[in-house]
Amino acid sequence: MSSIECDQFIARPPSVVWRALTEPDLMASWWARGDIKPVVGHRFTLDMGEWGMQPCEVLEVEPEKLLRYTFAEGALDTTITWRLEPEGQGTRLFLVHDGFAPDSMPLRRMGGGWPKVLAHLARTTEADRG
Amino acid sequence: MDVFGALANPVRRQVLEALRDGPLAAGELAGRFALSRPAVSEHLAVLRTAGLVTEEPRGRHRYYHLAADPLAEVHDWLHPFERYWRSRLRALRDFVEEDL
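These numbers were taken from a predicted model, which means no experiment stands behind them.

Each value, and the rule that gives it
- Residues numbered from 1 in each chain as written.
- Chains lettered and ligands numbered in written order.
- Predicted model: local features only at pLDDT ≥ 70, side-chain atom pairs only at ≥ 80, totals over all residues.
- pLDDT = per-residue confidence, 0-100.
- Helix = DSSP H or I, 4+ residues; strand = E, 2+ residues; numbered from the N terminus.
- Expected span 1.5 Å × (residues − 1).
- Bend = angle between axes of the 7 residues up to and from the residue.
- Buried ≥ 20, exposed ≤ 12 C-beta atoms within 10 Å, placed from the backbone.
- Pairing = 2+ DSSP bridges.
- Contact = placed C-beta atoms within 7 Å.
- Axes fitted to C-alpha atoms, helices over the stretch in contact; angles between N-to-C directions.
- Parallel < 35°, antiparallel > 145°, perpendicular 65-115°, else oblique.
- Left-handed = near helix turned anticlockwise from the far one by under 90°.

S.K.: So what's going on with the confidence of the model for chain B? Residues and values would help.
M.R.: Per-residue pLDDT for chain B has a mean of 87; in total, 99% of the residues score no lower than 70. In the predicted assembly, ipTM is 0.79 and pTM is 0.68.

What follows is the structure in structure tokens.
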């Protein structure tokens, strides 16, 4: 019912972007630490800092094209989908974060929680980058 | 009940989706969801209280229209997530382009 969709051009081929999405050390450099593996059924946790460790499970893998996993089971109960498309010499990366189902969680209660943390995170990371 | 409570029910979400294509009478909605008329009326009453549908009498029938304005609240709730992801995607781009 509710989803977030964003895309980003990255001036590197899909094979390189794929590594940043699927190798734990690389993923930790731009997002969060977690024992991710591009294998369907693989369960892993993401260290989301102030939100704690979030359980995830890989749902779909098409190497260098598509990666889908559940995100924050039991809390947000959402799904994250990464899609990579070659664009010129680089990659257009599409993100869909969906499944924000109002029945999975009392949204209002979270209204004061996650978004505040997220806003804080966004400010911090933007400040880091200058 | 507010918009979040109204949306917490899957049947009510389906009703809203059905109304996206145009107004429907209560009877038509009941047929679509294989629900009893009273059950549909109850869901419609909740949606009306939340301001998500409006009622229009036409002859012997009542038609229901989607009123999307309250959904803005849901959008507002999601907005911080969107900002978060935009900043993460920029961080990913910078990292990949500079370090890989």
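More follows now that the structure is in view.
S.K.: Break down helix α5 (residues 71–99) of chain B for me, citing the residues and quoting the values.
M.R.: Residue and element names in this part refer to chain B. For α5, spanning 29 residues, the distance from its first C-alpha to its last is 41 Å, which sits close to the expected 42 Å at 1.5 Å a residue. Maximal helix bending in α5 amounts to about 35°, located at L78; proline P80 follows within four positions. If you check which residues of α5 are buried, you get W77, F81, Y84, W85, R88, L89, L92, R93 and V96.

S.K.: Can you lay out the sheet that holds strand β7 (residues 90–98) of chain A for me, pointing to particular residues and giving the numbers?
M.R.: Taken together, the seven strands give an open sheet; going across it, the order is β1-β7-β6-β5-β4-β3-β2 (chain A), and neighbouring strands pair in antiparallel fashion. Each of the sheet's edge strands pairs with one partner strand only, and the pair in question is β1 (3–10) and β2 (33–34) of chain A. Sheet topology note: the strand β3 (residues 43–47) of chain A/strand β4 (residues 53–62) of chain A ladder contains five bridges and is antiparallel. Along β4 of chain A, the bridge assignment pairs D47 of chain A with M53 of chain A. Packed onto the sheet, helix α1 (residues 14–22) of chain A meets β1, β5 (66–71), β6 (78–87) and β7 of chain A and runs at close to 160° relative to β6 of chain A. In this fold α5 of chain B packs onto β1 and β7 of chain A, with an angle of close to 20° to the strand it touches most, β1 of chain A.

S.K.: Any details on the packing of α1 of chain A against α5 of chain B? Residues and values, ideally.
M.R.: Across the interface, α1 of chain A lies against α5 of chain B with an axial gap of 10 Å and an inter-helix angle of 120°. One way to sum up the angle between α1 of chain A and α5 of chain B is to call them oblique. When you trace α1 of chain A past α5 of chain B, the crossing you get is right-handed. Between α1 of chain A, through V16, V17 and A20 of chain A, and α5 of chain B, the contact on the second element is made entirely by L92, F95 and V96 of chain B.

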